[in-house]
Amino acid sequence: LNGSAQKRVLVTGGSGLVGRAIQHVINEEGGGKDGEEWIFLSSKDADLMNKEETQAVFQKHKPTHVIHLAAMVGGLFKNMRVNLDFWRNNIYINDNVLQAAHEVDAVKVVSCLSTCIFPDKTTYPIDETMIHNGPPHASNFGYSYAKRMIDVHNRAYFEQYGRSYTSVIPTNVFGPHDNFNIEDGHVLPGLIHKAYRAQKEGKPLVVWGSGTPRRQFIYSLDLARLVLWVVRDYNEVEPIILSVGEEEEVSIKEAAEAVVRALDFKEEVVYDTDKSDGQFKKTASNAKLMRYLPNFAFTPFEKALKETCDWFVANYDNARK
Amino acid sequence: TAQPTQKRVLVTGGSGLVGRAIQHVINEEGGGKDGEEWIFLSSKDADLMNKEETQAVFQKHKPTHVIHLAAMVGGLFKNMRVNLDFWRNNIYINDNVLQAAHEVDAVKVVSCLSTCIFPDKTTYPIDETMIHNGPPHASNFGYSYAKRMIDVHNRAYFEQYGRSYTSVIPTNVFGPHDNFNIEDGHVLPGLIHKAYRAQKEGKPLVVWGSGTPRRQFIYSLDLARLVLWVVRDYNEVEPIILSVGEEEEVSIKEAAEAVVRALDFKEEVVYDTDKSDGQFKKTASNAKLMRYLPNFAFTPFEKALKETCDWFVANYDNARK
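For clarity, every value in this text was computed on a predicted model and none was experimentally measured. (Residues numbered from 1 in each chain as written. Chains lettered and ligands numbered in written order. Predicted model: local features only at pLDDT ≥ 70, side-chain atom pairs only at ≥ 80, totals over all residues. Heavy atoms only, no water.)

*Asks:* Residues and numbers for the overall build of chain B, please.
*Replies:* Secondary structure assignment for chain B yields 10 helices and 12 strands. By principal-axis analysis of the C-alpha atoms, chain B measures approximately 55 × 45 × 40 Å. Taking all 321 residues of chain B together, 58% fall into the buried category. Restricting to contacts in chain B with at least 6 residues of sequence separation, those with at least 24 account for 81%. Averaging the locations of the 37 positively and 42 negatively charged side chains of chain B gives two centres separated by 2 Å. (Helix = DSSP H or I, 4+ residues; strand = E, 2+ residues; numbered from the N terminus. Buried < 20%, exposed > 50% of the residue type's maximum accessible area, 1.4 Å probe, protein only. Contact = heavy atoms within 4.5 Å. Lys, Arg positive; Asp, Glu negative; His and termini not counted. Charge placed at Lys NZ, Arg CZ, Asp CG, Glu CD.)

*Asks:* So what's going on with the overall build of chain A? Which residues, and what values?
*Replies:* Looking only at helices and strands, chain A has 10 helices and 12 strands in total. For chain A, the C-alpha radius of gyration of 19 Å lies close to 20 Å, the compact-globule estimate for 321 residues. Reported as C-alpha extents along the three principal axes, the dimensions of chain A are approximately 55 × 45 × 40 Å. Looking at chain A as a whole, 59% of its 321 residues are labelled buried. Within chain A, residue pairs in contact and separated by at least 24 positions form 81% of the contacts whose partners lie at least 6 positions apart. Working note: accessible area of chain A is about 13200 Å², and carbon and sulfur atoms make up 48% of it. With 37 positive and 42 negative side-chain charges, chain A shows a spacing of 2 Å between the two charge centroids. (Rg over C-alpha atoms; globule rule 2.2 N^0.38 Å. Areas by Shrake-Rupley, 256 points an atom, 1.4 Å probe, with all protein chains shown as cover.)

*Asks:* An account of the UniProt feature "domain: NAD-dependent epimerase/dehydratase" (unreviewed entry) in chain B is needed here, citing residue identities and associated values.
*Replies:* Residues annotated by UniProt as "domain: NAD-dependent epimerase/dehydratase" (unreviewed entry) correspond here to residues 9–245 of chain B. Here residues 9–245 of chain B runs as 42% helix and 17% strand, with 29 Å between its end C-alpha atoms. (UniProt positions renumbered as here; feature names shortened; annotations may be inferred.)

*Asks:* Any details on the sheet that holds strand β1 (residues 7–12) of chain A? Residues and values, ideally.
*Replies:* As a general point, the strands of a sheet are linked pairwise by backbone hydrogen bonds and lie either parallel or antiparallel. Residue and element names in this part refer to chain A. Spatial strand order, β2-β1-β3-β4-β5-β10: 6 strands in an open sheet with parallel pairing. The sheet is open, and its two edges are formed by β2 (36–40) and β10 (240–242), each paired on a single side. Neighbour-to-neighbour, the strand axes of the sheet open up by a mean angle of 20°, direction not taken into account. With 5 bridges joining them, β1 and β2 adopt parallel strand pairing. By the bridge assignment, Val9 is partnered in β2 with Trp38. Helix α5 (residues 141–161) contacts β4 (108–112) and β5 (164–170) of the sheet and is inclined by roughly 155° relative to β5. Along the sheet, helix α7 (residues 220–233) makes contact with β1, β2, β3 (65–68), β4, β5 and β10, crossing β10 at roughly 155°. (Pairing = 2+ DSSP bridges. Axes fitted to C-alpha atoms, helices over the stretch in contact; angles between N-to-C directions.)

*Asks:* Tell me about the UniProt feature "domain: NAD-dependent epimerase/dehydratase" (unreviewed entry) in chain A, and please be specific about residues and values.
*Replies:* Mapped onto the present numbering, the UniProt feature "domain: NAD-dependent epimerase/dehydratase" (unreviewed entry) falls on residues 9–245 of chain A. Between the end C-alpha atoms of residues 9–245 of chain A there is a gap of 29 Å, over a span that is 42% helix and 17% strand.

*Asks:* Quick rundown of the interface of chain B and chain A? Include the residues and the values.
*Replies:* Chain B puts 28 residues into the contact, and the matching count from chain A is 28 residues. Where chain B abuts chain A, roughly 2700 Å² becomes buried across the two surfaces, and 57% of that area is made up of carbon and sulfur atoms. Here chain B is connected to chain A by 2 salt bridges. The salt bridge partner of Asp95 of chain A is Arg88 of chain B, with a shortest N-O separation of 2.7 Å. Summed over the shared surface of chain B and chain A, the result is 14 residue pairs in polar contact (both at pLDDT 80 or more). Secondary-structure elements contributing two or more residues to the side of chain B that touches chain A are α3 (76–81), α4 (83–103) and α5 (141–161) of chain B. Broken down by element, the side of chain B that touches chain A gets its largest block of residues, 11 residues, from α5 of chain B. (Buried area = accessible area lost by both parts, 1.4 Å probe. Salt bridge = Lys/Arg side-chain N within 4 Å of Asp/Glu carboxyl O. Polar contact = N/O pair within 3.5 Å; in protein donor to acceptor, adjacent residues only side chain to side chain.)

*Asks:* Just give me the short version of the confidence of the model for chain B, but keep the residues and values in it.
*Replies:* For chain B, per-residue confidence averages 95 on the pLDDT scale, and 98% of positions sit at 70 or higher. Both scores are available for the predicted complex, with the pTM at 0.91 and the ipTM at 0.88. (pLDDT = per-residue confidence, 0-100.)

*Asks:* Which residues make up the pattern of salt bridges, and what values do they have?
*Replies:* In total, this model carries 34 salt bridges over all chains according to the counting rule given. Residue Glu36 of chain A pairs with Arg232 of chain A through a salt bridge whose shortest N-O separation is 2.7 Å. Here Glu36 of chain A is found in strand β2, whereas its partner Arg232 of chain A is found in helix α7, with 196 residues between them in sequence. Among the residues examined, Glu36 of chain A registers a relative accessible area of 16% and is labelled buried. With a closest N to O distance of 2.6 Å, Arg261 of chain B and Glu302 of chain B form a salt bridge. Of this pair, Arg261 of chain B sits in helix α8 (residues 252–263) while Glu302 of chain B sits in helix α10 (residues 301–314), and the two are 41 residues apart along the sequence.

*Asks:* So, unusual backbone geometry: which residues are in play, and what are the values?
*Replies:* Between Tyr124 of chain A and the following residue, Pro125 of chain A, the backbone shows a cis peptide bond with an omega angle of 0°. Look at the link from Tyr124 of chain B to Pro125 of chain B: it is a cis peptide, with omega at 0°. With respect to the helices and strands, the residue Pro125 of chain B is situated in the loop between β4 (108–112) and α5. A positive phi angle, close to 55°, is found at Asp264 of chain A, a residue other than glycine. By secondary structure assignment, the location of Asp264 of chain A is in the loop between α8 (252–263) and β12 (269–272).

*Asks:* How would you summarise the nonpolar core if you had to cite specific residues and measurements?
*Replies:* Buried together is how nonpolar side chains tend to be arranged in soluble globular proteins. Ile22, Ile67, Leu242 and Leu305 of chain A are the most contacted members of the largest nonpolar core, which totals 59 residues. Once residues within four sequence positions are removed from consideration, Leu305 of chain A is found in contact with Phe174, Leu188, Ile192, Ala258, Val259 and Ala262 of chain A. With 58 residues, the next largest nonpolar core counts Ala21, Leu191, Val227 and Val260 of chain B among its residues. (Core = buried A, V, L, I, M, F, W, Y, C linked by side-chain atoms within 4.5 Å.)

*Asks:* Kindly report on the packing of aromatic side chains, identifying the contributing residues and their values.
*Replies:* Under the counting rule described, the total for this entry stands at 35 aromatic pairs over all chains. Ring centres 5.0 Å apart and planes at 75° place the aromatic pair Phe77 of chain A and Trp208 of chain A in the edge-to-face group. Of this pair, Phe77 of chain A sits in helix α3 (residues 76–81) while Trp208 of chain A sits in strand β7 (residues 205–208), and the two are 131 residues apart along the sequence. Residue classification places Phe77 of chain A among the partly exposed residues on the basis of a relative accessible area of 21%. You can call Trp208 of chain A partly exposed: its relative accessible area is 23%. By the ring-pair criterion, three or more aromatic residues cluster together here, those being Phe180, Tyr196, Trp311, Phe312 and Tyr316 of chain A. Here the basic side chain of Lys194 of chain A rests over the ring of Trp208 of chain A, its NZ or CZ set 4.0 Å away from the ring centre. One Lys or Arg, Lys281 of chain B, reaches over the ring of Tyr124 of chain B and ends 4.5 Å from the middle of that ring. (Phe/Tyr/Trp six-rings, centres within 6.5 Å; stacked < 30°, edge-to-face > 60°. Lys NZ or Arg CZ within 6 Å of the ring centre and 35° of its normal.)

Below, the structure is given as C-alpha cells:
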C-alpha cells in the first residue's frame, strides 16, 4: 500500500452498468481525487449472498467507504416471474454488505435504491420523504421491499451506532455495459437490442405494451458523477433522488422513436398490446438534488442514447445479452 | 400404534407466552384433534437465527404445518435501545423458518405479527388492509418492518409457489408464562411485577408515562384458541387481526387500576411523566374475525388478569423476569 489513502472506496457490483460508469469517470475522465483508492468488486471476487464470502472480502480490503451497487436486478417481466427470489436474494446481499461494512468500521456506505420502489398509489412528483407511504407496484414488490429496507437498515445503523450509511435513488438508468437481454433486461437496452436484431432480419421492431407508460431516464455516466459527489459530500442518512427533472419524462413510444433515430432503424415499429405495461408512471422530483447542485448538467438524452447504441454495435459480441 | 398423522404441527417459540398457552389448550383443555401431532420447539432445540440449525430441526420433524411464534421481542424501552438488532435478528429468524418450511413442503405456516407494526399516522380503527400504508411508529421501527416483511414474504411464496403461508395480528397479549422483566417486558406483566415488588417493599407503584395511551389486551389463552382455528380453518394469505373489539380498549391508567384490584395492592399509584408514553393508540378492528367467528367469547379482562396475577404470585421464583 502506498502512503495512507484517506479514502479506500470499495464498489460492490463494480462490473455492472453503474459500476462500469464509475470506473470510466475515475479512470478516463480524471474523476478520481488524491488520497482516494478505488476497488471494484464483481461476483468473481465474492458471492455477496454468502455471509462468509462477504466478510472475507471486506476484511481483505478494509474499506473506509463503500458504494453498494450489487443486487439481483431485472426488468418488468423477470420480476413478475420470481418476486420471492428478488426479495430474499437482495435482503441477504444487503444485510451481508451493510454488516460487513459496519464491522470493518467503514464510515460511509452509499447504497442504490430505485424510483420503481415508491408507493404505487401516490401523488406526483414523488420525493424522498414518500418511500414508505404505501405498497409498491405489484409487479416487483419483492425487489421494491428489499430495496426499501436498505433505508430502514440505514436509519437503524444511525440510531444504534451513529453510522452515516445512506442511499441514492436513480430513475431508469441506461448506458454502455448494460444488460441487453431482451427477456430480463430493462426497457432501453431491450429496445436497442431488439431494434439491432430486427434491422439485421429486416423485421419490425416489436415494442412490448402500449407505448404509453412514462419514464425518466438517466445516463449511467451522469449517475456516476453524481454518486461520486454523494460519497464525498452528501452527509444525510435520508436518501437523495438522482434524476433528470420531471419535464424530461418521456413515453415508451418516444423512447422507442429515439432508439430508431440513434440506430438509424429502417423498418416499422409496432406495439404488442397483449404484453404488460408495468407501472404507468413513477415521476420523481429532483428538487433536492437541484438544491445541492443547481448547476449540474445532464447529458442530453439523444446524445447519451447515441453513445449507448454506438457502444452496443461496436461491442455486440461481448455485450451482456 | 396410532393412525397416520394428518397434521404434524411444529410450533416455534413454543415455550413463550403464546406457545405455552397453545400447549395448555392442547394438553389441558382437550383442544387437540385426532390425527394431529404437536411439537413445541424452544431455543434449546435450535437457534433459529442460524440457518443450518433451523434446517436441521425442520428436517428432523418434517412438519406439515407450522405455527411460527419465535421472535426477538420486547417492550417499548428495549425497542428504542436496539432497533437495529430487532430488525436484523427477526429478518433472519423469519427467513430461516419460512424457507425451511417451504423446503420440507409444509402446506401451511401461520406467523405472528402485531398491531404495533401498523402505520403510525393513520385513521382508526386499523384493519388488515392497512399494514403497509405508511411508516410505523419510530420507537420500534426495526421490529415493525421485520414483522411487516413476513406478510410480503408470504405473498411472494404464494405468487411464486402457490403456498398458503399466512399470519395473525394480535393486539397486546398477556397471560401466564409471560416475560415479567420490568426493563424489557410489555406493559401488563411489567405493572404486575412492579406492583408485586412495591407491595413487598411498602412503596408506591410507579407507572411509566402519563397513563393516557390506550391499548386492546388479549388473553393468551383466547389467542391460543383462535390460532388453532386459524391453523385448521383460515385459508387466506392476507393476515387476520385477532383481538377484542374496539370498545374494549383501555387506558394504561385503567390497566394499572385493574392490576391494583387483581393483586389487592394497597399502596399509592404514581405516574412518572418523564418516561416515554410510546404510541398513543393503535386501535384495531376485529370485524374480519367477527365475520368468521361471530360467537367467539373472549375471557373477561378482569378474570384473565386475575388468573395471570395468581399465576405470577404462585410461580414467582421460576417466572421469567
